[in-house]
Amino acid sequence: MHGPYGGVVPELAARRHIETVEAVVLEAMRRATIDWSDLNAIAVTRGPGLAGALLVGVSFGKALAYAMQIPLIGVNHLEGHLASAWIDQPDFPTPCVTLVVSGGHTHLYLVSRNRSCQLLGRTLDDAAGEAFDKAAKMLELGYPGGPAIDRLARTGDAGAIRFPRPYLKQGGLDFSFSGIKTALLYYLRDLDRSGRPRPVGDVAASFQEAIVEVLVEKAFDAVRRCQVRALAVVGGVSANSRLRARLASRAESAGIRLALPPAAYCTDNATAARRS
Ligand code: KG4
Ligand code: ZN
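Along each chain, residues carry numbers from 1 onward, in the same order as the chain's sequence is written. As a convention, the first chain written is A and the first ligand written is 1, with the rest following in written order. Under the rules for a predicted model, residues below a pLDDT of 70 receive no local features and side-chain atom pairs below 80 are neither given nor counted, while totals for whole chains, interfaces and linings still include all residues. Water and hydrogen atoms were dropped before computing side-chain values, which therefore reflect all heavy atoms in the structure.

### Structural notes on unusual backbone geometry
With an omega dihedral of 0°, the bond running from Gly47 to Pro48 counts as a cis peptide bond. Inspection of the secondary structure puts Pro48 in the loop between strand E1 (42–47) and helix H2 (51–68). Within the chain, Tyr167 stands out as a residue other than glycine whose phi angle is a positive 70°. At Gln227, a residue that is not glycine, the phi angle is positive and equals roughly 55°. Runs of H or I in DSSP of at least four residues are treated as helices and runs of E of at least two as strands, each being numbered from the N terminus.

Shown next as structure tokens:
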């Protein structure tokens, strides 16, 4: 639905939420083979995110909780991403460094033993996922752009074009991705003017490499500075295959425990917790 616009259109998303929220909840309950009487509480994302879409979810969750007289738990969107590190690794240790890398956020946190979070660094402009989506738009690959660039990059040479690695040399744990995006814009403009065809596989691979390198270097720099032995990378962009591969090999050689949620739990999603 959002494809033709190259990004999520908030009003369309909100309307679609109204149309589908009931069916999605019923389908989730069917797949989990649970009944209304099995529910002890209703958890719903309360933000940050798109206000219209959040309003639909919160209203629906409130109505259910009120009708069933069970507690309503408002979940912070970023805490949801942070918690996804423990879905398939319940014994993942703390303290750890967690990189939340999504369409709206590129944030590095130190997560302490009691799971409280301290912000270490964040993007000063675009989020990494946003950079992927904007690049995909320039390359006419549709939306969401991250998965499309990930696929196309497998056909290209990551060393073909040298895009900048912003904020890598300066040190510090903040990020900036708007410079890479602008570099791509100028590269494509000059190429198109010259009349040469776009080597789209090489462009996708080189662009992806620049972003992945910055994310990996900063994440491991944070691990080193905080003197922890565990790193979690969560959020939509953590589904990226190149990012996962580079994180895994770096973690192995450095002896750092790594948590990467299964792909379905990288992008915005929900999961059920059963009382044992
Ligand atoms: O966490 P998420 O589902 O929603 C937000 O909270 O923003 O993340 C969505 C973002 C989009 O920007 C999308 O392009 C990106 O995650 N993404 C990826 C991949 N899969 C999703 N980026 C790079 N590679 C992927 N495989
Ligand atoms: Zn998200």
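### A few points about the coordination of the zinc ion (ligand 2)
Shown as donors are all N, O and S atoms within 2.8 Å of a metal ion, widened to 3.2 Å for Na, K and Ca; because water is not in the atom set, sites may appear incomplete. For the zinc ion (ligand 2), the full set of protein donor atoms is His77 (NE2), His81 (NE2) and Asp268 (OD), at a range of 1.9 to 2.1 Å. Because the angles between the four donor atoms bound to the zinc ion (ligand 2) fall within 99 to 136°, the donor set is best described as irregular. Counting along the primary sequence, the residues that act as donors to the zinc ion (ligand 2) give the motif H-x3-H-x186-D. Of this pair, His81 sits in helix H3 (residues 77–83) while Asp268 sits in the segment after strand E7 (257–259), and the two are 187 residues apart along the sequence. Each label reflects the angles at the metal, where four donors whose angles all fall between 85 and 135 degrees are tetrahedral, four or six donors whose opposite pairs open beyond 155 degrees and whose other angles stay between 65 and 115 are square planar or octahedral respectively, and the rest are irregular.

### Concerning the pattern of salt bridges
A carboxyl oxygen of Asp or Glu within 4 Å of a side-chain nitrogen of Lys or Arg is what we treat as a salt bridge. Tallying each qualifying case throughout the model produces 17 salt bridges. For Arg224, the salt bridge is made with Asp221, and the minimal N-O distance between the two is 2.5 Å. Note that Arg224 and Asp221 are positioned in helix H7 (residues 200–226) at a spacing of three residues, about one turn of the helix. Relative accessible area serves as the criterion here: at 18%, Asp221 is assigned to the buried category. A simple rule labels every residue: compare its accessible area, found with a 1.4 Å probe on the protein chains alone, to the largest value its type can have, and call it buried under 20%, exposed over 50%, or partly exposed in between.

### Concerning H2
Every helix has an expected span of 1.5 Å times one less than the residues it contains. The end-to-end C-alpha distance of H2, which contains 18 residues, comes to 25 Å, matching closely the 26 Å that a straight helix rising 1.5 Å per residue would cover. Inspection of H2 places Ala53, Leu54, Val56, Gly57, Gly61, Leu64 and Ala65 among the buried residues, and these make up the whole buried set. Each buried residue of H2 sits inside an arc of 160° when the element is viewed along its axis, so together they form one side. Exposed residues pointing more than 90 degrees away from the buried face of H2 are listed as Ala51, Leu55, Lys62, Tyr66 and Ala67. Residue contacts follow a heavy-atom distance rule, with two residues in contact if any of their heavy atoms lie within 4.5 Å. Along its buried surface, H2 packs onto helix H1 (10–31), E1 and strand E2 (72–76). Taken from the residues just after H2, Gln69 is the one with a positive phi, measuring 55°. What the arc covers is the set of directions going from the helix axis to the C-beta atoms.

### What to know about the side chain of Gln208
Looking at where Gln208 falls in the secondary structure, it is placed in helix H7. In this structure the side chain of Gln208 is engaged in a polar contact, spanning 2.9 Å, whose partner is the side chain of Asn240. Sequence-distant contacts of Gln208, that is, excluding residues within four places in its chain, are made with Phe132, Ile149, Asp150, Ala153, Asn240 and Arg242. We call two N or O atoms a polar contact when they sit within 3.5 Å, provided that within protein one can donate a hydrogen and the other can accept it, with sequence-adjacent residues counted only if both atoms are side-chain atoms.

### A word on the domain arrangement of the chain
The split into domains, and so the bounds of each, comes from an automatic or database assignment of domains. Split by domain assignment, the chain resolves into domain 1 (3–70) and domain 2 (81–265). On a C-alpha basis, the centroid separation for the pair domain 1 and domain 2 is 28 Å.

### Side note on the side chain of Ser238
Secondary-structure assignment places Ser238 in the loop between strand E6 (230–234) and helix H8 (241–254). Residues in contact with Ser238, not counting those within four places in the same chain, are Val101, Val233, Leu243, Arg244, Leu260, Pro261 and Cys266.

### Some details on the environment of Arg165
Of note, Arg165 is situated in the loop between helix H5 (145–153) and helix H6 (178–194). Considered as a pair, Arg165 and Val212 are 47 residues apart in the sequence and their alpha carbons are 9.5 Å apart. Setting aside residues up to four positions removed in sequence, Arg165 forms contacts with Glu209, Ala210, Glu213 and Val214. Reaching out from Arg165, the side chain makes a polar contact with the backbone oxygen of Phe163 at a distance of 2.7 Å.

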